[in-house]
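Structural features, examined
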Amino acid sequence: RASSSSSSTTTSSSFRRRGLFHSTTQKKKKTARGFALPAKATLGPELKTQIDKCVSENKVVLFMKGTKSAPRCGFSNTCVQILESMDVPFTDVDILASEQLRAGMKTYSNWPTFPQLYISGEFFGGCDITMDAYKDGSLKEELERAMLE
């Protein structure tokens, strides 16, 4: 939400990141859209090969903060609870164990947040998408299809 005064305009950082508004008082280097450039995550060929191997060799993979036995974020915990409630065998990968992996996964999936769920080698979605698919039954269908492959 934006508010203005007679001398300057302030904006919330979420609007600024989306490029919807820009602040006249912002001191950071700006792009054409008016927000600071994030550090570019790199995905080297070795890491890409490792991720490709992980998602192709495992039918269901959850890249998450923490592990399925000790999630370190509520969103990751939600995805673990959903998969466990469905008795789905899945591989968990703790992205907090490696900054290179955490940054590389964002590039690999073109998805900025965690957890990231992969089914049959394909990116399925994050927590919100997984939760919605669980509620509407489409996650069950997708997982059943994956288990038959």
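Residues numbered from 1 in each chain as written. Predicted model: local features only at pLDDT ≥ 70, side-chain atom pairs only at ≥ 80, totals over all residues. Heavy atoms only, no water.

Now for the packing of helix H2 (residues 45-57) against helix H4 (residues 99-109). Relative orientation of the contacting elements H2 and H4 amounts to 75°, with a least axis distance of 11 Å. Taken together, the axes of H2 and H4 are roughly perpendicular relative to one another. From H2, Leu47, Lys48, Ile51, Asp52 and Val55 reach across to H4, where they touch Gln100, Leu101, Gly104, Met105 and Tyr108. Class assignment for the residues of the contact of H2 with H4 results in 6 nonpolar, 2 polar and 2 charged. (Axes fitted to C-alpha atoms, helices over the stretch in contact; angles between N-to-C directions. Helix = DSSP H or I, 4+ residues; strand = E, 2+ residues; numbered from the N terminus. Parallel < 35°, antiparallel > 145°, perpendicular 65-115°, else oblique. Contact = heavy atoms within 4.5 Å. Nonpolar A, V, L, I, M, F, W, Y, C, P; charged D, E, K, R; others polar.)

A separate point is helix H3 (residues 74-85). Every α-helical turn comprises 3.6 residues, leaving residues that sit three or four positions apart pointing alike. Helix length check: H3 (12 residues) gives 16 Å between terminal C-alpha atoms against 16 Å at 1.5 Å per residue, within 8%. Residues of H3 that are buried: Ser76, Cys79, Val80, Ile82 and Leu83. Here the buried residues of H3 occupy an arc of 160° about the axis, which is enough to place them on one side. Of the residues flanking the end of H3, it is Asp87, one or two places downstream, whose phi is positive at about 55°. (Expected span 1.5 Å × (residues − 1). Buried < 20%, exposed > 50% of the residue type's maximum accessible area, 1.4 Å probe, protein only. Arc of directions from axis to C-beta.)

The next subject is the pattern of salt bridges. Within this structure, the stated rule accounts for 4 salt bridges. Asp52 is the partner of Lys48 in a salt bridge, and the nearest nitrogen-oxygen pair spans 2.8 Å. Of this pair, Lys48 and Asp52 both sit in helix H2, 4 residues apart, which is roughly one turn of the helix. The residue Glu99 makes a salt bridge to Arg102 at a minimum N-O spacing of 2.4 Å. With a gap of 3 residues between them, Glu99 and Arg102 both fall in helix H4, about one helical turn apart. By relative accessible area, which is 22% here, Arg102 ends up partly exposed. (Salt bridge = Lys/Arg side-chain N within 4 Å of Asp/Glu carboxyl O.)

Glancing now at unusual backbone geometry. Residue Phe114 is joined to Pro115 through a cis peptide bond whose omega torsion reads 10°. As for its placement among the helices and strands, Pro115 is situated in the loop between H4 and strand S7 (116-119). A positive phi angle, close to 55°, is found at Asp87, a residue other than glycine. When you line up the elements, Asp87 lands in the loop between H3 and strand S6 (91-94).

All right, on to helix H6 (residues 138-148) then. The complete set of buried residues in H6 reads Leu139, Leu143 and Ala146. End-on view of H6: buried residues confined to an arc of 60°, all on one side of the axis.

Okay, the confidence of the model for the protein next. Averaged over all residues, the pLDDT of the protein is 80; the fraction at 70 or higher stands at 72%. Predicted confidence is poor over residues 1-40, with pLDDT under 50, and the contacts of this stretch with residues over four places away or in other chains come to 41 contacts. (pLDDT = per-residue confidence, 0-100.)

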